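# Breakdown of the fold
Spelled out, the chains give:
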Amino acid sequence: MQRVAGLNGMIVVTVPEGFVEPFSYDEEHTVLLGDWWHKSVYEQATGLSANPFVFVTEPQSLLINGRGMFNCSLAPSGTCNASRPDCALPTLFTAVPGKTYLLRIGSLTSLSSLYFEIEGHPMMVVEADGHYVRPFAVRGLFIYSGETYSVLVKADQDPRRNYWAASHVVGRNPSQTPSGKAVVSYAFNGNNPWMPPPTAPPAGPPWNNTAIRVDQSRAIFAHPHFVEPMPARADRTLLFLNTQNRIDGHIKWTINGVSLMFPATPYLVAMKRGMKDAYEQRPPPDMYDHMSHDISAPAPTNGTVGSPVYRLALGSVVDVVLQNSNMLNNKSETHPWHLHGHDFWVLGYGEGKFNPAADAWRLLNVRDPIMKNTVPLHPDGWTAVRFRADNPGVWLFHCHVEAHVFMGGGAVPG
Ligand SMILES: O=C1O[C@H]([C@@H](O)CO)C(O)=C1O
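Residues numbered from 1 in each chain as written. Predicted model: local features only at pLDDT ≥ 70, side-chain atom pairs only at ≥ 80, totals over all residues. Heavy atoms only, no water.

## Side note on the overall build of the protein
Stated formally: What counts as a helix is a DSSP run of H or I of at least four residues, what counts as a strand is a run of E of at least two, and both are numbered from the N terminus. Radius of gyration here uses only the C-alpha atoms, and the compact-globule reference equals 2.2 Å multiplied by the residue count raised to the power 0.38. In this scheme, a residue with accessible area under 20% of its type's maximum is buried, one over 50% is exposed, and one in between is partly exposed, where area comes from a 1.4 Å probe on protein chains only. For this analysis, residues touch if any pair of their heavy atoms sits within 4.5 Å. Only the protein chains shown count as cover for residues, with accessible areas throughout obtained via the Shrake-Rupley method and a probe of 1.4 Å. Charge convention: Lys and Arg are scored as positive, Asp and Glu as negative, and His as well as the terminal groups of each chain are ignored. In plain terms, the charge of a residue is placed at NZ if it is Lys, CZ if Arg, CG if Asp and CD if Glu.
In terms of helices and strands, the protein carries 4 helices and 24 strands. The globule rule puts the C-alpha radius of gyration for 414 residues at 22 Å, and the 22 Å found for the protein is close to it. Dimensions of the protein, computed from C-alpha atoms along their principal axes, come out at roughly 70 × 55 × 40 Å. Expressed as a percentage of its 414 residues, the buried residues of the protein come to 52%. Contacts spanning at least 24 positions in sequence make up 80% of the contacts within the protein whose residues lie at least 6 apart. Element-wise, carbon and sulfur atoms account for 55% of the exposed surface of the protein, whose accessible area totals about 18900 Å². Within the protein, the 34 negative side-chain charges are centred at a point lying 2 Å from the centre of the 31 positive side-chain charges.

## Some remarks on the nonpolar core
Keep this limit in mind: Only buried residues count toward a nonpolar core, which is a set of Ala, Val, Leu, Ile, Met, Phe, Trp, Tyr and Cys residues joined through side-chain atoms within 4.5 Å.
Grouped together as the largest cluster of nonpolar side chains are 63 residues, with contacts concentrated most on Leu103, Ile105, Phe116, Phe240, Val320 and Phe397. Excluding residues that lie within four positions of it along the chain, Phe397 makes contacts with Phe240, Val320, Leu322, Trp337, His338, Leu339, Phe344, Val385, Gly410, Ala411 and Pro413.

## Examining the environment of Pro284
With respect to the element layout, Pro284 can be found in the loop between α3 (267–272) and β16 (304–306). Exposure remark for Pro284: the relative accessible area of 8% places this residue in the buried category. Along the backbone, Pro284 and Pro376 are 92 residues apart, and their C-alpha atoms lie at a distance of 23 Å. Apart from residues lying up to four places away in sequence, Pro284 is in contact with Pro308, Val309 and Tyr310.

## A few points about the pairing of strand β12 (residues 180–186)
Regular strands show a simple pattern: their side chains alternate between the two faces of the sheet. Put simply, the rule is: Any two strands are treated as partners once DSSP identifies two or more bridges connecting them.
Where burial is concerned, most of β12 is hidden: 7 out of the 7 residues are buried. Direction of pairing for strand β4 (residues 91–95) relative to β12: parallel, over a ladder of 5 bridges. Each residue of the ladder has a partner; that of Thr91, found in β12, is Ala182. Note: strand β11 (residues 162–170) against β12, 6 bridges, orientation antiparallel. Considered in β12, the bridge of Ala165 is made with Ala182.

## A closer look at the domain arrangement of the protein
We apply this condition: Boundary definitions for the domains trace back to an automatic or database domain assignment. A pairing counts as a salt bridge when a side-chain nitrogen of Lys or Arg comes within 4 Å of a carboxyl oxygen of Asp or Glu.
Along its sequence, the protein is carved into domain 1 (2–219) and domain 2 (236–411). The gap between the C-alpha centroids of domain 1 and domain 2 is 28 Å. Taken residue by residue, the interface counts 31 residues in domain 1 and 26 residues in domain 2. Scanning the region where domain 1 abuts domain 2 turns up 4 salt bridges.

## Things to note about the sheet that holds strand β24 (residues 410–411)
Pairing in this open sheet of 4 strands is antiparallel, and the strands run β21-β18-β23-β24 from one edge to the other. At either margin of the open sheet sits one strand with a lone partner, and together these are β21 (374–377) and β24.

## What to know about the site of the ligand
Here is the rule we go by: Throughout, near means a residue has at least one heavy atom within 4 Å of the molecule or strand. Here a polar contact is taken to be a pair of N or O atoms separated by no more than 3.5 Å, where protein atoms must pair a possible hydrogen donor with a possible acceptor and residues adjacent in sequence count only if both atoms sit in side chains. In this classification, Asp, Glu, Lys and Arg are treated as charged, Ala, Val, Leu, Ile, Met, Phe, Trp, Tyr, Cys and Pro as nonpolar, and every other residue, Gly included, as polar.
Residues in contact with the ligand, as listed here, are Phe53, Phe55, Arg172, Gln244, Trp253, Met327, Asn329, Glu333, His404 and Met407. Interatomic distance of 2.7 Å between a side-chain N/O atom of His404 and an oxygen atom of the ligand. Counted by class, the shell around the ligand contains 5 nonpolar, 3 polar and 2 charged residues. Two domains each put at least three residues into the shell around the ligand: domain 1 (2–219) and domain 2 (236–411).

## Side note on the sheet that holds β12
Keep this limit in mind: Angles here are taken between N-to-C directions and fall from 0 to 180 degrees, while the axes themselves are lines fitted to C-alpha atoms, restricted in helices to the stretch in contact.
Strand order in the open sheet made by the 5 strands is β4-β12-β11-β6-β9, with mixed pairing throughout. Lying at the two open borders of the sheet, with one neighbouring strand each, are β4 and β9 (140–143). Each strand axis lies, on average, 20 degrees off the axis of its neighbour in the sheet, ignoring direction. Relative to β9, strand β6 (residues 113–118) runs antiparallel, the two sharing 4 bridges. Counterpart to Glu117 in the pairing with β9 is Gly140. Relative to β9, helix α2 (residues 210–218) is tilted by about 90 degrees, and along the sheet it contacts β9 and β11.

## Focus: the packing of aromatic side chains
We apply this condition: Here a pair means two rings of Phe, Tyr or Trp (six-membered ring of Trp) with centres within 6.5 Å. Their orientation is stacked below 30 degrees between planes, edge-to-face above 60, and tilted elsewhere. Any Lys NZ or Arg CZ found within 6 Å of a ring centre and within 35 degrees of that ring's normal is scored as a charge over the ring.
Under the criterion given, the structure shown has 15 aromatic pairs. Taken together, a centroid distance of 6.1 Å and an interplanar angle of 55 degrees make the contact between Phe19 and Phe226 tilted. Of this pair, Phe19 sits in the segment before β1 (27–36) while Phe226 sits in the loop between α2 and β13 (236–247), and the two are 207 residues apart along the sequence. An aromatic cluster is built from Phe19, Phe23, Tyr25, Tyr132 and Phe226, whose rings are joined through pairwise contacts. A cation over a ring is seen here: Arg161 above Tyr163, with NZ or CZ 4.1 Å from the ring centre.

## Concerning the side chain of Glu117
Position of Glu117 relative to the elements: it lies in strand β6. Exposure remark for Glu117: the relative accessible area of 2% places this residue in the buried category. In this structure the side chain of Glu117 is engaged in a polar contact, spanning 3.4 Å, whose partner is the backbone nitrogen of Gly204. Filtering out sequence-adjacent residues up to four positions away, Glu117 remains in contact with Met123, Arg139, Gly140, Trp164, Ala165, Ala166, His168, Pro202, Ala203 and Gly204.

Structure, rendered in structure tokens:
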């Protein structure tokens, strides 16, 4: 749930009594990561629907548990205390020396893909979107809007000083967005929790290094004792081309040429009452023209705006291959795709164009895929997921970038 439009929070579901998790820890902290603009979402929405188009551009701040800092030189005069550019005290996480902490990390960003790290404290990733993963160690965690992870961190460093925790934008040029900062302070006699760490905050990885982000995505597998059996094959395959189109002069995101616009009457109400005019009855295309479409060129201007539904047979197994492609400005960006009402198995990630006729299927992980509900679609690549349509309803499957879903970047299975 994104903060910029007013909603923010983390719900922690505890395990049933007697259930033993595949790891142990002493204490836990929740870490909510966000991004923040000085303009309201209403101003942003006006720009996104305007001709000429005005993008939201990069956030002014990154937030860690609601607190952020921004570059005062960019603020209108009088709105910022230039002698104290950090303006607010950062969030403080307290650690008792020697203890192991479970950090429950969620990204509530509207736009930014992030890298979160704690100076001098590597992390062991143990859970993703509510599913246990085969544990793997990282120096910092790449996390995309809508995702949640749990990581274990050991408080095993010098307890007489404080440490930076930081979030950095990746995948987009952060240009004017300073890193989000928080402080980890050891509860140790004589250590002042409000003393700034003696070191410079970590700089994070280069924002445009896609390969290391894909590597992390590929390192996530189900925990060997918690592999959810996956159906061997799908009943239906959807190949989604995720791209921009210019429609009636406006920049839109489209999926297989359709830019999603929510109907005025909610789908469920319309279906229950048989209101056939309330949403588009013609089914949207299962595929795009994958043989001839060039994903490294802007999409041709043939998109439409609509509200069609991918009608799925109850209980059927559906594969979706999300295919990235260049925007109108000829660049490719990261899109975190989020499915409502279901978890999916993450079959794999690839570079370039997915070719359903070729070997691509054999490269997918059918042995121990992790289940998630949000998955990154990396620049110039594809991501394949499988889910069972076993939750009757009308659901949204969409890019979790707030501006993109507003501009039509979603589909409606139901
Ligand atoms: O939807 C978007 O629009 C801009 C750019 O494509 C046009 O300004 C951008 O970076 C997006 O993610």
